[in-house]
Amino acid sequence: MSDRKEYLKKYRLEHKEKYKEYQRKYSKTHLSTYELLKKENQELKKQLEEYDRKLFFTKNELDMRQKSIDNKLNQQKEFIEYLTSYIELLSNKPDLIEESEIELLKEILAKYQEIIGVSNENI
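The structure contained in this document is the topic of the report that follows.

Reading the values: the criteria
- Residues numbered from 1 in each chain as written.
- Predicted model: local features only at pLDDT ≥ 70, side-chain atom pairs only at ≥ 80, totals over all residues.
- Heavy atoms only, no water.
- Helix = DSSP H or I, 4+ residues; strand = E, 2+ residues; numbered from the N terminus.
- Rg over C-alpha atoms; globule rule 2.2 N^0.38 Å.
- Buried < 20%, exposed > 50% of the residue type's maximum accessible area, 1.4 Å probe, protein only.
- Areas by Shrake-Rupley, 256 points an atom, 1.4 Å probe, with all protein chains shown as cover.
- Lys, Arg positive; Asp, Glu negative; His and termini not counted.
- Charge placed at Lys NZ, Arg CZ, Asp CG, Glu CD.
- Core = buried A, V, L, I, M, F, W, Y, C linked by side-chain atoms within 4.5 Å.
- Salt bridge = Lys/Arg side-chain N within 4 Å of Asp/Glu carboxyl O.
- Phe/Tyr/Trp six-rings, centres within 6.5 Å; stacked < 30°, edge-to-face > 60°.

All right, on to the overall build of the protein chain then. From N to C terminus, the protein chain includes two helices and zero strands. Relative to a compact globule of 123 residues, whose C-alpha radius of gyration would be 14 Å, the protein chain shows 42 Å and is clearly more extended. Projected onto its principal axes, the C-alpha coordinates of the protein chain cover approximately 140 × 20 × 15 Å. When burial is assessed residue by residue, the protein chain has 8% of its 123 residues classed as buried. Only carbon and sulfur atoms are counted for the fraction: they give 55% of the accessible area of the protein chain, which is about 11,600 Å². Between the mean site of the 25 positive side-chain charges and the mean site of the 25 negative ones, the protein chain shows a separation of 26 Å.

As a further point, take the nonpolar core. Listed in full, the eight residues of the largest apolar core are I80, L83, I87, L90, I97, I102, L105 and L109. For this core, the secondary structure elements donating two or more residues are helix 1 (2-92) and helix 2 (99-116).

Now for the environment of N60. Following the sequence through the fold, N60 ends up in helix 1. You can call N60 partly exposed: its relative accessible area is 30%. In this structure, the C-alpha to C-alpha distance between N60 and E50, residues 10 residues apart in sequence, is 15 Å.

Relative to the helices and strands, T84 is located in helix 1. T84 gets classed as buried once you look at its relative accessible area, which sits at 14%.

With that settled, the discussion passes to the pattern of salt bridges. Counted by the stated rule, this structure contains five salt bridges. Two residues, E50 and R53, come together in a salt bridge whose shortest N-O distance is 2.8 Å. Here the residue E50 and the residue R53 both occupy positions in helix 1, the gap between them amounting to three residues, near one helical turn. On the basis of relative accessible area, E50 is assigned to the partly exposed category, the value being 30%. The salt bridge partner of E114 is K111, with a shortest N-O separation of 3.5 Å. Of this pair, E114 and K111 both sit in helix 2, three residues apart, roughly one helical turn. On the basis of relative accessible area, E114 is assigned to the exposed category, the value being 55%. Look at K111 and you get partly exposed, because its relative accessible area is 45%.

Further remarks concern the packing of aromatic side chains. All told, the structure shown has three aromatic pairs when counted by the stated rule. Taking 5.7 Å as the distance between ring centres and 65° as the angle between the ring planes, the aromatic pair formed by F56 and F57 counts as edge-to-face. F57 gets classed as partly exposed once you look at its relative accessible area, which sits at 46%. Ring geometry for Y82 versus Y86: centroids 6.0 Å apart, planes at 10°, classification stacked. Within this pair, Y82 and its partner Y86 are both found in helix 1, separated by four residues, close to a single helical turn.

Spelled out as structure tokens, the structure:
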């Protein structure tokens, strides 16, 4: 019976040591995997923040460009309206200007509209 007790004691001790060794290996593996995943997660967060920052600046730049385009379109529209009303004013008062000068202004207006891509149906 004592041999059996000795055997069981020895068996338990061996398995306990094997279990501890397995546990140490598993913990190290688990810890290293966790650290790798944590590091990768931090890198991905940094990339996301950088993309977000670039997107913010790109959006702001696009907004500023759109405002500039809108401003230029408004200026073109105002100039066309001004020149059109000036031509109409002169057309209604033939004693102020000769017909050839009015035709020249109409040509200038038509060419300007052609250059900027606006139809000249109003004239």
